[in-house]
Amino acid sequence: MAKPNKNTLLDWYRQMVLIRRFEERCAEIYQQGLIGGFLHLYIGQEATGVGTVAALRENDHIITTYRDHGIALAKGLDPKAVMAEMMGKKTGVSGGKGGSMHLASRDHNFWGGHAIVGGHLPIAAGIALKARYNDEDEVTVCMMGDGATNIGYFHESLNLSAVWDLPVVWLVENNQYGMGTAVERASAADHMVLKARGYQNSRGEGIKEGPRLDGMDVMAVYEGISEAIDYASKNGPILVESLTYRLEGHSMGDPQRYRTKDEVEEYSAKGPIGRFRQYLTENYKNIESDLDKIDGDAVEAVNEAVAFAESSPDPTMDDLISNVYAD
Amino acid sequence: MADRPITIREALSSALREEMHRDESVFIMGEEVGVWGGTFAVTRGFLDEFGEKRVRDTPIAEMVIAGSAVGAAMAGLRPVAEIMTINFAFVAMDAIVNLAAKMRYMFDGQFKVPLVIRTTTGGGKQLGATHSHAPEVIFAHFPGLYVAVPGTAYDAKGMLKAAIRDDNPVLFVEHSTMLQRRSPVPADDYVLPIGKSDIKRKGDDVTIVTYQKGLEWSMDAAEELAKEGIEAEVIDLRWLRPLDLEPVFESFKKTNRAVVVEESLPMFNVGAEVAAQITNECFDWMDAPVQRVAAMDIPLPYSREIELAALPSPAKIIKAVKEIV
Ligand SMILES: Cc1ncc(C[n+]2csc(CCOP(=O)(O)OP(=O)(O)O)c2C)c(N)n1
Ligand SMILES: [Mg+2]
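A quick note: this is a predicted structure, and the numbers were derived from the prediction, not measured.

Trainee: Outline the overall build of chain A, supporting the account with residue identities and numerical values.
Mentor: Helices and strands together make up the secondary structure of chain A, namely 12 helices and eight strands. For a compact globule of 327 residues, the expected C-alpha radius of gyration is about 20 Å, and chain A comes in at 19 Å, within 12% of that figure. Seen through its C-alpha atoms, chain A measures out along the principal axes to roughly 60 × 55 × 40 Å. Evaluated residue by residue, chain A yields a buried proportion of 56% over its 327 residues. Of the contacts made within chain A by residues no fewer than 6 positions apart, 73% connect residues no fewer than 24 positions apart. When the accessible surface of chain A is totalled, it reaches about 13300 Å², and 47% of it is carbon and sulfur. Of the side chains in chain A, 32 bear a positive and 48 a negative charge, and the two mean positions are spaced by 2 Å.

As structure tokens, then:
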């Protein structure tokens, strides 16, 4: 694991701020009717996404849920093409056919946002199987929500990854709720990493019970996921949890009856971006101007993305019927 | 080389074996495919021949069998995943429908899914309701997926090879009571086109549209009908998707009558689709309503005689033909 230098840290800050501004703007234009369908914001969880993506080695793979905008941006997809997908435009990363929940870029080894809870877990196992089959050192990081640990796909996929010794980092982004249901109301295990124990033999081999990371600290996530990737590459599957918090509703229009305003404010006060900014200013002299510039650039990048998306064409009738099958 | 009669089981085995020799990225996975040799003995000897890497026994976990095969296919392998019987494919419905069939379209062509899911279908074996379905038509509902339903050894071999070489997901359905049926198969490599039906018997009086077990019943019925001077043209669909009805329309324009025969349940089935399309395409040639022969609209029972009574039969087909000829 390379120790991040100042430039790297600034780049993480840049990504986190870009995601935040991007998401805020998405919420705004959703209200204006420019984005349709469901919209799941990543606000509050930026450190988990950015730290995780930073830990990936060049040939590693990442796959996630419908809460995927942050991963797409951290992975380096063009914000213009991501915003265009939000608006259902032909220039979107998925040609306007996937929408906000189905961003992907094969070129970036980003295997998508997936909208059936748990549905992408077996896909992650399959991608990892390819690496095993071809004897390639590639780890697949599979992100999921806490709620996804309760569905059958979770059990079948984790079990198979242990039996077949697949190089997967199973990463539970524990934002404490699945829609409106708090973790302890839906899951017998309160700590997600405990679930690794069901996939170990009596000698403790199988899925390694990984750490519970502070998902609001990008550096802690980076370190923890880097170690997990190293472990998976050398040994096999590992289950890691990142403790985080979703500061907005589950999706747009969530009345949030399941939690108090106080609770949200408490987490908001210790949000990942403010905290990281504080760390940077305390540890690097005269960094404020760099940070301020990054803040300004993020707004600029989002403005450009929206302008690009708005001026992009809709998919055509030809696009409507293309790519159902490979030729 | 001369054609040699082999069983459907042998045809499937040799197609798999030849494709695995041809292409290193082809591998098989599923319950009991390895040590056991395949529940229906299709992969007997494969573990010794190809080793554990390419002949992978799985847990009893259909969601991840189908789902991980989708992932492996997206990543560049060519999995042939086996779901022991189609009854258990219901457990993997999401993986087949939402993962396999939609992955390409939803991301606008960024991924391809060169996947074959082999499974067996069919009732009539006294296994009770949960194990006695022929529900392949359900899977034909979904664009993005192909559904193969071979009825002869020759077709089974050529179609399985086509399915393995194609870059799209194929649900490859084999009939569990037909694995011992023999027909001549060339020793040389051959591949049949995807989505082409086949005229299995020529005739001028009525068109019988069918597949798989229905093909067997229909051919028997056609022999009986011939004794009474009624010549049935029997068209084997071979694929439910892509569905190739051109030969059906052509035949119908000659016979002006059709019976659709299948083992699946009678509502929302192949017969409904084919009858509707014939009505649209051949209305001016129509001398009688299209007849449909399918299983009775009940879960299948265990007891032998009543189970068989619920399934189609040559006698039921003959009766349906006589309604309109
Ligand atoms: C199989 C399935 N059931 C239900 C849903 C509806 N649904 C979408 S997101 C969600 C909550 C998931 O919670 P979690 O896994 O914790 O992820 P988070 O949204 O918190 O990121 C539900 C129930 C779905 N998409 N798929
Ligand atoms: Mg959650």
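Trainee: How would you summarise the overall build of chain B if you had to cite specific residues and measurements?
Mentor: Secondary structure assignment for chain B yields 12 helices and 14 strands. Relative to the compact-globule value of 20 Å for 325 residues, chain B shows a C-alpha radius of gyration of 19 Å, a close match. Oriented by its inertia axes, the alpha-carbon framework of chain B measures out at about 55 × 45 × 40 Å. Counting across all 325 residues of chain B, residues that qualify as buried make up 63%. Here chain B has roughly 12200 Å² of accessible surface; of this, 54% comes from carbon and sulfur atoms. For chain B, the separation between the mean place of its 35 positive charges and that of its 47 negative charges on side chains is 2 Å.

Trainee: Could you give me a rundown of the coordination of the magnesium ion (ligand 2), with the residues and numbers involved?
Mentor: Residues and elements named next belong to chain A. In the first shell of the magnesium ion (ligand 2), the protein supplies Asp-146 (OD), Asn-175 (OD1) and Tyr-177 (O), at 2.1 to 2.2 Å from the metal. Mapping the donors of the magnesium ion (ligand 2) onto the primary sequence gives the spacing D-x28-N-x1-Y. A single burial state applies to Asn-175 and to Tyr-177, both of which are buried.

Trainee: Kindly report on the side chain of Thr-48 of chain A, identifying the contributing residues and their values.
Mentor: All names here are of chain A. Secondary-structure assignment places Thr-48 in helix α2 (residues 46-55). Classification of Thr-48 as buried rests on a relative accessible area of 0%. Thr-48 has contacts with Tyr-42, Met-143, Glu-173, Gly-215, Val-221, Ser-242 and Thr-244, leaving out every residue within four places of it along the chain.

Trainee: Give a description of the domain arrangement of chain B that names residues and reports values.
Mentor: Residue and element names in this part refer to chain B. For chain B, the assigned domains read domain 1 (4-185) and domain 2 (198-324). Using only C-alpha atoms to locate each centre, domain 1 and domain 2 end up separated by 26 Å. At the interface, 33 residues of domain 1 touch 26 residues of domain 2. Summing the contributions of domain 1 and of domain 2, the shared interface buries around 2400 Å²; its carbon and sulfur component is 56%. Contact with domain 2 buries surface across domain 1, with Gln-126, Val-137 and Val-149 losing the most and accounting together for 26% of the total. The tally of links from domain 1 across to domain 2 stands at three salt bridges. At the junction of domain 1 with domain 2, the criterion picks out 20 residue pairs in polar contact (both at pLDDT 80 or more). Sorting the residues of the side of domain 1 that touches domain 2 by element identifies α6 (136-139), β6 (146-148), α7 (153-165) and β7 (170-175) as the ones contributing at least two each. The dominant element in the side of domain 1 that touches domain 2, judged by the number of residues it contributes, is β7, at four residues. Taken together, the residues of the side of domain 1 that touches domain 2 break down into 16 nonpolar, 12 polar and five charged.

Trainee: Go over α2 of chain A, please, and point to the residues and values.
Mentor: The element α2 of chain A is largely enclosed, with a buried count of nine among its 10 residues. Looking only at α2 of chain A, the buried set comprises Glu-46, Ala-47, Thr-48, Gly-49, Val-50, Gly-51, Thr-52, Val-53 and Ala-55 of chain A.

Trainee: I'd like to hear about the pairing of strand β7 (residues 208-214) of chain A, residue by residue, with values.
Mentor: Residue and element names in this part refer to chain A. Here five bridges tie β7 to strand β8 (residues 238-243), and the two strands are oriented parallel to one another. Residue pairing for β8: Leu-213 is matched across the bridge by Ser-242. Taken together, β7, helix α8 (residues 218-234) and β8 form a β-α-β motif whose crossover is right-handed.

Trainee: So what's going on with the packing of aromatic side chains? Residues and values would help.
Mentor: Within a pair of aromatic rings, the relevant descriptors are the distance that separates the centres and the angle that separates the planes. Using the criterion set out here, one finds 11 aromatic pairs over all chains in the structure. The interplanar angle of 40° and the centroid separation of 6.5 Å between the aromatic rings of Tyr-13 of chain A and Phe-276 of chain A together place this pair among those described as tilted. Here the residue Tyr-13 of chain A occupies a position in helix α1 (residues 6-31), and Phe-276 of chain A occupies one in helix α10 (residues 272-283), the gap between them amounting to 263 residues. Across this residue pair, the class does not change: Tyr-13 of chain A and Phe-276 of chain A are buried. Consider the rings of Tyr-325 of chain A and Tyr-146 of chain B, whose centres lie 4.5 Å apart with planes at 10°: the pair is stacked. Taken as a pair, Tyr-325 of chain A in the segment after α12 (317-321) and Tyr-146 of chain B in strand β6 lie in two separate chains rather than in one. For Tyr-146 of chain B, a relative accessible area of 10% puts it in the buried group. In this structure an aromatic cluster arises from ring pairing among Tyr-13, Phe-276 and Tyr-279 of chain A. Geometry around Tyr-133 of chain A places Lys-53 of chain B over its ring, the cationic atom sitting 4.3 Å from the centre. Sitting over the ring of Trp-164 of chain A, Arg-56 of chain B keeps its end group 4.3 Å from the ring centre.

Trainee: Give me the lowdown on the environment of Pro-255 of chain A, citing residues and values where you can.
Mentor: Position of Pro-255 of chain A among the secondary structure elements: in the loop between β8 and α9 (261-269). Owing to a relative accessible area of 53%, Pro-255 of chain A belongs among the exposed residues under this scheme.

Trainee: Residues and numbers for the packing of helix α4 (residues 79-86) of chain A against helix α11 (residues 288-311) of chain A, please.
Mentor: Residue and element names in this part refer to chain A. Contact geometry for α4 and α11: axes closest at 8 Å, N-to-C directions at 50°. Between α4 and α11, the angle falls in the class oblique. Here α4 runs over α11; the crossing is right-handed. Each of Pro-79, Lys-80, Ala-81, Met-83 and Ala-84 in α4 lies in contact with α11, whose residues at this interface are Glu-304, Ala-305, Val-306, Phe-308 and Ala-309.

Trainee: Break down a nonpolar patch on the surface for me, citing the residues and quoting the values.
Mentor: On the surface, a nonpolar cluster with roughly 360 Å² of combined accessible area is contributed by Met-317, Leu-320 and Ile-321 of chain A. Structurally, Leu-320 of chain A is set in helix α12.

Trainee: Summarise the nonpolar core; cite the residues concerned and give the values.
Mentor: Formed by 87 residues in total, the largest nonpolar core has its most connected members in Trp-170 of chain A together with Leu-115, Leu-240 and Ile-278 of chain B. When residues of this core are assigned to their parent elements, the largest contribution, nine residues, is made by helix α3 (residues 62-74) of chain B. Of the domains in this structure, domain 1 (4-185) and domain 2 (198-324) of chain B are the two that each give at least three residues to this core. In this view, Leu-240 of chain B contacts Glu-136, Val-137, Ala-140, Val-147, Val-149, Tyr-211 and Val-270 of chain B; residues no more than four positions away in its chain are not counted. Residues Ala-47, Val-221, Ile-287 and Ala-298 of chain A belong to the second largest nonpolar core, which totals 72 residues.

Trainee: Break down the sheet that holds strand β4 (residues 168-174) of chain A for me, with residues and values.
Mentor: Residue and element names in this part refer to chain A. Strand order across the open sheet formed by six strands is β2-β1-β3-β4-β8-β7, with parallel pairing between neighbours. Lying at the two open borders of the sheet, with one neighbouring strand each, are β2 (110-114) and β7. With strand direction ignored, the average angle separating the axes of adjacent strands in the sheet is 15°. Contacting β3 (140-145), β4, β7 and β8, α8 runs over the sheet at an angle of about 165° to β7.

Rules used in this analysis
Residues numbered from 1 in each chain as written. Chains lettered and ligands numbered in written order. Predicted model: local features only at pLDDT ≥ 70, side-chain atom pairs only at ≥ 80, totals over all residues. Heavy atoms only, no water. Helix = DSSP H or I, 4+ residues; strand = E, 2+ residues; numbered from the N terminus. Rg over C-alpha atoms; globule rule 2.2 N^0.38 Å. Buried < 20%, exposed > 50% of the residue type's maximum accessible area, 1.4 Å probe, protein only. Contact = heavy atoms within 4.5 Å. Areas by Shrake-Rupley, 256 points an atom, 1.4 Å probe, with all protein chains shown as cover. Lys, Arg positive; Asp, Glu negative; His and termini not counted. Charge placed at Lys NZ, Arg CZ, Asp CG, Glu CD. Donors = N, O, S within 2.8 Å, 3.2 Å for Na, K, Ca; no water. Domains from an automatic or database assignment. Buried area = accessible area lost by both parts, 1.4 Å probe. Salt bridge = Lys/Arg side-chain N within 4 Å of Asp/Glu carboxyl O. Polar contact = N/O pair within 3.5 Å; in protein donor to acceptor, adjacent residues only side chain to side chain. Nonpolar A, V, L, I, M, F, W, Y, C, P; charged D, E, K, R; others polar. Pairing = 2+ DSSP bridges. Right-handed = clockwise from strand over helix to strand, strands pointing away. Phe/Tyr/Trp six-rings, centres within 6.5 Å; stacked < 30°, edge-to-face > 60°. Lys NZ or Arg CZ within 6 Å of the ring centre and 35° of its normal. Axes fitted to C-alpha atoms, helices over the stretch in contact; angles between N-to-C directions. Parallel < 35°, antiparallel > 145°, perpendicular 65-115°, else oblique. Left-handed = near helix turned anticlockwise from the far one by under 90°. Patch = residues over 30% accessible without salt bridge, like charges linked within 9 Å, V, L, I, M, F, W, Y side chains within 5 Å. Core = buried A, V, L, I, M, F, W, Y, C linked by side-chain atoms within 4.5 Å.

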